[in-house]
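Analysis of the macromolecular model
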Amino acid sequence: GGGGSPDGTTERVLVVELVADRFLRKMVRTLVATAVREAATGADKDVLLRLARAGERAATAPPAPPEGLIFAGVGYGNHPAWDAGGGARD
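Note that the structure is predicted; figures quoted are calculated from it, not measured.

Points about the pattern of salt bridges
Per the stated rule, a full pass over the model turns up three salt bridges. Of the charged contacts, one joins Asp 44 and Arg 50 as a salt bridge, the two residues approaching to 3.8 Å between their closest N and O atoms. In this structure, Arg 50 and Asp 46 form a salt bridge, with 3.2 Å as the shortest nitrogen-oxygen distance. Of the residues examined, Asp 46 reaches a relative accessible area of 32% and is grouped as partly exposed. Linked through salt bridges whose partners overlap, the residues forming this network are Asp 44, Asp 46 and Arg 50.

Structural notes on unusual backbone geometry
Even without glycine at this site, Lys 26 takes up a positive phi of about 65°. By the secondary structure assignment, Lys 26 is in the segment before helix 1 (27–40). For Lys 26, a relative accessible area of 38% corresponds to the partly exposed category.

Describing the side chain of Glu 38
Structurally, Glu 38 can be placed in helix 1. Separated by 2.7 Å, the side chains of Glu 38 and Arg 37 make a polar contact. Not counting residues up to four positions away in its chain, the partners in contact with Glu 38 are Ala 43 and Val 47.

What about the environment of Thr 34?
Among the structural elements, Thr 34 can be located in helix 1. Thr 34 sits 14 residues away from Leu 48 along the chain, and the two C-alpha atoms are 7.7 Å apart. Setting aside residues up to four positions removed in sequence, Thr 34 forms contacts with Leu 48, Leu 51, Thr 60 and Ala 61.

Here's the deal with the packing of helix 1 against helix 2 (residues 47–54)
The interhelical angle for the contact between helix 1 and helix 2, taken along N-to-C directions, is 125°, at an axis separation of 10 Å. Taken together, helix 1 and helix 2 sit at an angle that is classed as oblique. Like other packed secondary-structure pairs, helix 1 and helix 2 cross with a definite hand, here right-handed. In contact with Leu 31, Thr 34, Ala 35, Arg 37 and Glu 38 of helix 1, helix 2 contributes Val 47, Leu 48 and Leu 51.

A word on helix 1
An ideal rise of 1.5 Å per residue puts 20 Å on 14 residues; helix 1 measures up with 20 Å between its terminal C-alpha atoms. Every buried residue of helix 1 is accounted for by Arg 29, Thr 30, Val 32, Ala 33, Thr 34 and Glu 38. The elements touched by buried residues of helix 1 are helix 2. Of the residues one or two after helix 1, Gly 42 is the one with positive phi, at around 80°.

What counts, and where the lines are drawn
- Residues numbered from 1 in each chain as written.
- Predicted model: local features only at pLDDT ≥ 70, side-chain atom pairs only at ≥ 80, totals over all residues.
- Heavy atoms only, no water.
- Salt bridge = Lys/Arg side-chain N within 4 Å of Asp/Glu carboxyl O.
- Buried < 20%, exposed > 50% of the residue type's maximum accessible area, 1.4 Å probe, protein only.
- Helix = DSSP H or I, 4+ residues; strand = E, 2+ residues; numbered from the N terminus.
- Polar contact = N/O pair within 3.5 Å; in protein donor to acceptor, adjacent residues only side chain to side chain.
- Contact = heavy atoms within 4.5 Å.
- Axes fitted to C-alpha atoms, helices over the stretch in contact; angles between N-to-C directions.
- Parallel < 35°, antiparallel > 145°, perpendicular 65-115°, else oblique.
- Left-handed = near helix turned anticlockwise from the far one by under 90°.
- Expected span 1.5 Å × (residues − 1).

Coordinates in, geometry out; function isn't part of it.
Laid out in structure tokens, this is it:
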């Protein structure tokens, strides 16, 4: 069956889709790390929105390590000729 690695173990995969008109350096890694941390504690599903509204950077987790994070693509609204898929790392 699918979802396993060549050695027969099961791999856990987390897919995060973020949409914005711009991103700051390490912003995606910080959002992913904070989401994982908060999910592990059973936080409410709107916790990231509440943390963003609070404006307290100290309340977020340190950025996730780049290993395993994949940049899958970018879109430019109504410009499909400019849309691109990647494979580049964060």
